[in-house]
Amino acid sequence: MTHTDPKLAQKRAVAKSALDYVEDGMILGVGTGSTVNCLIELLPQVRLKGAVASSKVTEDKLRALGIEIFDLNAVGELDLYIDGADEIDAQGNMIKGGGGALTREKIVAAASKQFVCMVDDSKVVDKLGRFPVAVEVLPQARSYVARELVKLGGDPVYRENFVTDYGHVILDTYELDIKNPSDFEQVLNNIVGVVCNGIFASQSAHIMLKASDGGVEVVKF
């Protein structure tokens, strides 16, 4: 028996809205996840020069559609990056990394002039932190970083049988009290052995496309 994603119609609607921001001849930064997959299906409608992918999974999906993949080092600044989020607040700060592609996502977001975030209304929160924060860690530092996360009030859980595109491991960290996302993002980054974390405040969204049963709302930050 197959289970249909109850939010699939919203994901398709918000992906269709995101397509309005994509221009012919563009090298597009493309994120990772189920909502992004809906966007990828629509990209053949646009004459892209190519794309910079935020994960190996996205790269493979784009290649399968005949879209050329560029290395970020070769293209410099991108005009546009489109991705989803696990959570997003009223300022455009996000938690990402449920799929484990957070570091590459954050790099592509940082290198883009505009970040459009596609979500359904269930992802919008008053305060970040209900969804665990993925902390990407050098394998050797896993236990040390876990202890430091506990000192911050967190409950880190090792994501077993998972390795990031860069060969690192992930600690999914629950119970963090994220009062100031920008400051907390830096606190986590300053732990020795941490490569990156899933709080996107320094690379927050510029535009949120929020899908609900009533349609898609555009929110600019």
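Residues numbered from 1 in each chain as written. Predicted model: local features only at pLDDT ≥ 70, side-chain atom pairs only at ≥ 80, totals over all residues. Heavy atoms only, no water.

Bringing the pairing of strand 2 (residues 50-53) into the picture now. Looking along a regular strand, one sees the side chains alternate between the two faces of the sheet. Here strand 2 shows no split at all, with G50 and V52 on one side and A51 and A53 on the other all buried. Inspection of the sheet shows strand 1 (residues 27-30) paired to strand 2 by four bridges, in the parallel sense. Bridge pairing links L28 to A51 in strand 2. Handedness of the β-α-β unit built from strand 1, helix 2 (residues 34-42) and strand 2 comes out right-handed. (Buried < 20%, exposed > 50% of the residue type's maximum accessible area, 1.4 Å probe, protein only. Helix = DSSP H or I, 4+ residues; strand = E, 2+ residues; numbered from the N terminus. Pairing = 2+ DSSP bridges. Right-handed = clockwise from strand over helix to strand, strands pointing away.)

Once that is clear, we can look at the sheet that holds strand 4 (residues 87-88). Within the open sheet, the three strands sit side by side as 4-5-11. Their pairing is antiparallel. The outermost strands of the open sheet, each flanked by one partner alone, are strand 4 and strand 11 (199-200). Across two bridges, strand 5 (residues 94-95) lies against strand 11 in antiparallel orientation. From the neighbouring strand, M94 faces strand 11, where its bridge partner is F200.

So, on to helix 6 (residues 142-151). Every buried residue belonging to helix 6 is among V145, A146, E148 and L149, and all of these are buried. Projection of helix 6 onto a plane perpendicular to its axis shows the buried side chains occupying an angular sector of 165°, all on one side. Among the exposed residues of helix 6, those oriented more than 90 degrees off its buried face are R147 and K151. Where helix 6 is buried, its residues touch strand 7 (133-137), strand 8 (155-158), strand 9 (169-174), helix 7 (181-189) and strand 10 (194-197). Backbone geometry just downstream of helix 6 places G153 in the positive-phi region, at approximately 95°. (Arc of directions from axis to C-beta. Contact = heavy atoms within 4.5 Å.)

If you look at the biggest cluster of nonpolar residues, it comprises 28 residues, and the most contacted ones within it are L28, L43, L62 and I82. By residue number, the principal contributor to this core is helix 2, which donates five residues. Once residues lying within four places of it in the same chain are set aside, the contact partners of L28 are V22, L43, L48, G50, A51, V52, L80 and I82. L78, V108, A134 and M208 belong to the second largest nonpolar core, which has 23 residues in total. (Core = buried A, V, L, I, M, F, W, Y, C linked by side-chain atoms within 4.5 Å.)

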